[in-house]
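Below are the chains, spelled out letter by letter.
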Amino acid sequence: MESTSELDQATALAMLDWQIELGATEAIGDVPVNRYELETAPKPARAAPSVAAPVVQEEVDPVAVAMAEAARADSLEDLRAALNAFELCGLKAGANSLVFSDGVPGSRVMIIGEAPGRDEDRQGKPFVGPAGQLLDRMLAEIGLSRAENVYITNVLPWRPPQNRDPETQEREMMKPFLARHVALAAPDVLVLMGNISCETVLGRRGITRLRGKWEEAWDRPVLPMFHPAYLLRNPAAKRQAWADLLALKARLKRGD
Ligand code: URA
């Protein structure tokens, strides 16, 4: 083949036109490109238009999750951490703190209240407001104190908005944590303060009938009592509360 230097300009231009007609678009290239082959080369398969797969939301059973999380806790500190990590109870988002417990773990007496109020939510401890101060005075009458020989918690560890009553599903959701709390604290007796604790632990309300009568739950003797907040509103009921405190004292003395 003749070298381009030997071609006259008109022939060179004619060859260039011919190449352009054939489809050449690059004037410079070390390797010739066969455009016909490119045209017939198999095209990469187009991804099929994606049809959005229906998102199957798995139903979470909060009680089952709570049971599994609580069962994993081997110590009170584990249980506190499990509660801190538990995101299925809506009350948590509105509360300032987790109110876990106060007093001496391993005490013979464990008191179960209802839920934190404003003071408890602020301080992160159960029964520190006016009802709690009355509770301390009542316990002192029979030689008990949270500094020495009582352990205290609540059914719910987070304050309900406006101190409303806990809802059934909130109580049911938190009950596995409470049961584990009792098992880990291992008291000899439980004292249930008020209707909410009775309903959660015994499955019954009606504190006026329940109070002062020993029941059993979680393999332990249980004594329902009037809630100290009720006693603040109804001082006349303190007489019955006093009788219940004496029953508690007698049971501890008997040691059964
Ligand atoms: N009432 C309760 O039942 N628990 C508290 O911690 C405070 C008030």
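Residues numbered from 1 in each chain as written. Predicted model: local features only at pLDDT ≥ 70, side-chain atom pairs only at ≥ 80, totals over all residues. Heavy atoms only, no water.

A.B. asks: What is the right way to read the site of the ligand from this model?
C.D. replies: Around the ligand, a shell composed of G113, E114, A115, E120, P126, F127, N154 and H227 is seen. A distance of 3.2 Å separates a nitrogen atom of the ligand from a polar atom in the backbone of A115. When the ligand sits alone it has 230 Å² of accessible area, and the protein chains cover 91% of it. When its residues are assigned to classes, the shell around the ligand shows three nonpolar, three polar and two charged. (Near = heavy atom within 4 Å. Polar contact = N/O pair within 3.5 Å; in protein donor to acceptor, adjacent residues only side chain to side chain. Areas by Shrake-Rupley, 256 points an atom, 1.4 Å probe, with all protein chains shown as cover. Nonpolar A, V, L, I, M, F, W, Y, C, P; charged D, E, K, R; others polar.)

A.B. asks: Would you mind showing me how to read the nonpolar core here?
C.D. replies: A general trend in soluble globular proteins is that nonpolar side chains are found buried together. Grouped together as the largest cluster of nonpolar side chains are 57 residues, with contacts concentrated most on V109, I111, W158, M174, F177 and L248. Considering every element that reaches this core, the biggest residue donor is helix α8 (residues 168-185), with six residues. (Core = buried A, V, L, I, M, F, W, Y, C linked by side-chain atoms within 4.5 Å. Buried < 20%, exposed > 50% of the residue type's maximum accessible area, 1.4 Å probe, protein only. Helix = DSSP H or I, 4+ residues; strand = E, 2+ residues; numbered from the N terminus.)

A.B. asks: Just checking my understanding: could you explain the pattern of salt bridges for this structure?
C.D. replies: Pairs can form between side chains of opposite charge whenever their charged atoms are close. Inspection of the entire model under this criterion finds 13 salt bridges. Among the ionic pairs, E77 bridges to R80, the shortest N-O distance being 3.6 Å. One end of the pair, E77, and the other, R80, are both in helix α4 (residues 76-85), three residues apart, so they sit about a helical turn from each other. The class of R80 is partly exposed, set by a relative accessible area of 29%. Taking the shortest distance from any N to any O, the salt bridge between E199 and R171 comes out at 3.5 Å. Within this pair, whereas E199 is found in helix α9 (residues 194-201), its partner R171 is found in helix α8, the two being separated by 28 residues in sequence. Because the salt bridges share partners, they merge into one network encompassing D102, D136 and R146. (Salt bridge = Lys/Arg side-chain N within 4 Å of Asp/Glu carboxyl O.)

A.B. asks: What am I meant to see in the packing of α8 against α9 here?
C.D. replies: To describe two helices that pack against each other, one gives the angle between their axes and the distance between the axes. The interhelical angle for the contact between α8 and α9, taken along N-to-C directions, is 75 degrees, at an axis separation of 10 Å. It follows from the interaxial angle that α8 and α9 lie roughly perpendicular. Together, R171, K175 and L178 of α8 and I196, E199, T200 and V201 of α9 make up the contact between the two elements. Here the contact of α8 with α9 is built from residues that sort into three nonpolar, one polar and three charged. (Axes fitted to C-alpha atoms, helices over the stretch in contact; angles between N-to-C directions. Parallel < 35°, antiparallel > 145°, perpendicular 65-115°, else oblique. Contact = heavy atoms within 4.5 Å.)

A.B. asks: What's the story with the sheet that holds strand β6 (residues 220-225) in this structure? I'm lost.
C.D. replies: In a beta sheet, neighbouring strands are held together by backbone hydrogen bonds and run either parallel or antiparallel to one another. Ordered in space as β1-β3-β2-β4-β6-β5, the six strands form an open sheet in which the pairing is mixed. Edge strands, defined here as strands with exactly one partner in the open sheet, are β1 (102-103) and β5 (215-217). Where strand β2 (residues 109-113) lies against strand β3 (residues 150-154), five bridges are found, and the strand directions are parallel. When the bridges of β3 are listed, M110 appears paired with Y151. In the packing of α9 onto the sheet, contacts are made with β2, β4 (189-193), β5 and β6, and the angle to β4 comes to roughly 130 degrees. Strands β2, β4 and β6 of the sheet are contacted by helix α12 (residues 238-254), whose axis makes an angle of about 165 degrees with β6. (Pairing = 2+ DSSP bridges.)

A.B. asks: Please clarify how the pairing of β2 should be interpreted in this entry.
C.D. replies: Remember that side chains alternate between the two faces of the sheet whenever the strand is regular. Among the five residues that make up β2, five are buried, leaving the element largely enclosed by the rest of the structure. Burial along β2 is two-sided: the face carrying V109, I111 and G113 and the face carrying M110 and I112 are both buried. Sheet analysis places β2 next to β4, joined by four bridges and oriented parallel. Note on β4: the bridge partner recorded for I112 is L192.

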